[in-house]
Amino acid sequence: MSTGLNTSEEKREHLDIYAIFEGPQELYFGDRVQINVNLVEQITLESADGTQIKKCYISPTKRRGVERRSLIWAPTNTGALLGDVRECGIPKTCVKQDCPICAIYGAMDAGNSTLIGRLTHGGGVAIQALPPEEKQRAMHPALIARKNEESPTPFRREYNEPGLLYPNSNHFLSVTEKEFTAGAYAFLDSLARVGAGNPKGVKLFEKDNQPMLIVDRYLSPMGKRPILSPHISDTKQAIETFERLARTVHGKLYKENTIKMERFERKIGDDALVYLQTCADQFVQDHLQGS
Ligand SMILES: [Zn+2]
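So, a few notes on the structure that sits alongside this text. Predicted model, so just to flag it, every value in this text is computed and none were measured.

The next point concerns the overall build of the protein. Along its length, the protein carries six helices and 19 strands. For a compact globule of 291 residues, the expected C-alpha radius of gyration is about 19 Å, and the protein comes in at 21 Å, within 12% of that figure. Its C-alpha atoms give the protein principal-axis dimensions of about 70 × 50 × 40 Å. By the burial criterion, 33% of the 291 residues in the protein qualify as buried. Taking the intrachain contacts of the protein between residues at least 6 apart in sequence as the baseline, contacts between residues at least 24 apart amount to 67%.

The next point concerns helix α1 (residues 60-72). Three- or four-residue spacings in an α-helix give side chains the same orientation, since the helix completes a turn every 3.6 residues. Compared with the 18 Å implied by 1.5 Å per residue over 13 residues, the 18 Å span of α1 between its first and last C-alpha is a close match. Listed as buried for α1 are Arg63, Val66, Glu67, Arg68, Ser70 and Leu71. Packing partners of the buried residues in α1 comprise α2 (82-85), α3 (100-105), β8 (119-123), β11 (165-175) and α4 (177-190).

Further remarks concern the environment of Ile127. Tracing the backbone through its elements, the reader meets Ile127 in the loop between β8 and β9 (133-137). Here Ile127 falls in the buried class, since 25 other C-beta atoms lie within 10 Å of it. Sequence separation between Ile127 and Ala182 is 55 residues; the distance between their C-alpha atoms is 29 Å.

Our next topic: the pairing of strand β4 (residues 42-46). Across five bridges, β4 lies against strand β5 (residues 52-56) in antiparallel orientation. When the bridges of β5 are listed, Thr44 appears paired with Lys54. A loop of five residues connects β4 with β5, the two strands running antiparallel in sequence, and Gly50 in this loop sits at a positive phi of about 90 degrees.

Two numbers describe how α4 lies on helix α6 (residues 270-288): the axes approach to 8 Å, and their chain directions differ by 110 degrees. Between α4 and α6, the angle falls in the class roughly perpendicular. Between α4 and α6 the crossing geometry is left-handed. Within the contact between the two elements, α4 uses Phe180, Thr181, Ala182, Ala184, Tyr185, Phe187 and Leu188 and α6 uses Leu276, Gln277, Cys279, Ala280, Gln282, Phe283, Val284 and Asp286. In terms of residue class, the contact of α4 with α6 is made up of 11 nonpolar, three polar and one charged.

Before going further, it helps to examine unusual backbone geometry. A cis geometry characterises the amide bond from Ile90 onward to Pro91, with omega recorded as 5 degrees. The topology assignment puts Pro91 in the loop between α2 and α3. Look at Ser174: it is not a glycine, yet its phi comes out positive at around 45 degrees. For Ser174, the position within the fold is in strand β11.

Take the environment of Leu119 next. Secondary-structure assignment places Leu119 in strand β8. The class of Leu119 is buried, set by 24 C-beta atoms lying within 10 Å. Put simply, Leu119 and Glu262 are 143 residues apart on the chain and 24 Å apart in space, counted from C-alpha to C-alpha. Once residues lying within four places of it in the same chain are set aside, the contact partners of Leu119 are Ile104, Tyr105, Asn170, Phe172 and Gly183.

With respect to the helices, strands and loops of the structure, Arg244 is situated in helix α5 (residues 235-246). Residue Arg244 is classed as exposed on the basis of its C-beta count, with 12 C-beta atoms lying within 10 Å. In sequence terms Arg244 and Lys255 are 11 residues apart; their C-alpha atoms lie 10 Å from each other.

The rules behind each value
- Residues numbered from 1 in each chain as written.
- Predicted model: local features only at pLDDT ≥ 70, side-chain atom pairs only at ≥ 80, totals over all residues.
- Helix = DSSP H or I, 4+ residues; strand = E, 2+ residues; numbered from the N terminus.
- Rg over C-alpha atoms; globule rule 2.2 N^0.38 Å.
- Buried ≥ 20, exposed ≤ 12 C-beta atoms within 10 Å, placed from the backbone.
- Contact = placed C-beta atoms within 7 Å.
- Expected span 1.5 Å × (residues − 1).
- Pairing = 2+ DSSP bridges.
- Axes fitted to C-alpha atoms, helices over the stretch in contact; angles between N-to-C directions.
- Parallel < 35°, antiparallel > 145°, perpendicular 65-115°, else oblique.
- Left-handed = near helix turned anticlockwise from the far one by under 90°.
- Nonpolar A, V, L, I, M, F, W, Y, C, P; charged D, E, K, R; others polar.

What follows is the structure, given as C-alpha cells:
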C-alpha cells in the first residue's frame, strides 16, 4: 500500500525543532475540574530510589492544538482568516494535500479520506519540580448573572508557577521547505498563545542572549538529539546537558552556531531563530498576504 502522498518536485527532508520554553508569568493549561477547582496538567515520575515526584506539564497534544489553531486563525489580506479561506477548521478539516495546515498536521474525513500528519510533538515536562499554586479567582463570568443565588460558587484555579522551563521538540517527517514554513509560523506564533484561558503564553528561554533553540535539517541523522530526561530537575544541569547535546554532531564538539555537513545541517540559538523567522515570513507571503 502506498503512503497516499503525492510525489513532490521539491526536495523532501526531515526537520526538527528543539527548544526550551520559559513561562514568564503564571500559566494555566487545564486538565480537569475537581469540586470547583480547575487543575493544571501534571505528570508523576518515580525516581531510582522509588520516591515519586510530580511535575507541571505542557502536553505535546495540547501544544499541537494551539499550533493548528494559530494557523486556522491566521489573518489573510482578504480580511478572512486562513481557516475560513481554506474551509478548514476543528473538527472539520479540509483533507486537501495542498492545504498548508492539513499537509503537515494531518486530517481525517471519517469514512472517506485521511491525510497522515507528518509533524509530531514531544517533551513538555517541566524541569523544576515545583507544584502548581491554587488561587481564588473572581466569580466565574458565567455565574455573575445569577443574582438570586445566595452563596455563589467559589471559583478556584491552579496555575503553573512562573519561571518553569519546559524542554520540547517538534519533528517534521519528509517535508518540503515550503511545507515546513507553515510549521515554523505555527511554532513562533503559538508561543504567545500556549495555555487555556488567561494568563497564557511562553517565551524561548535565553542564556547569554541566545535562545535555547535548535533547528536540524537532514537526510542523515548526524547530531545528538537535544532531548532532556524528565528526571532532570536541576535547571543548571538541564541547560548544560542541552548545550552539550546541541554542540555534538557526528562525535565532534562544535563552537559554531551553524554546523553544516553534506546531508545534515544544525542551526543553534539566534541562527535557528532567524531561520524560523525567515520561513515564517515566507509562509505569510505565500499563504496569507500573497496576491
Ligand atoms: Zn486543511
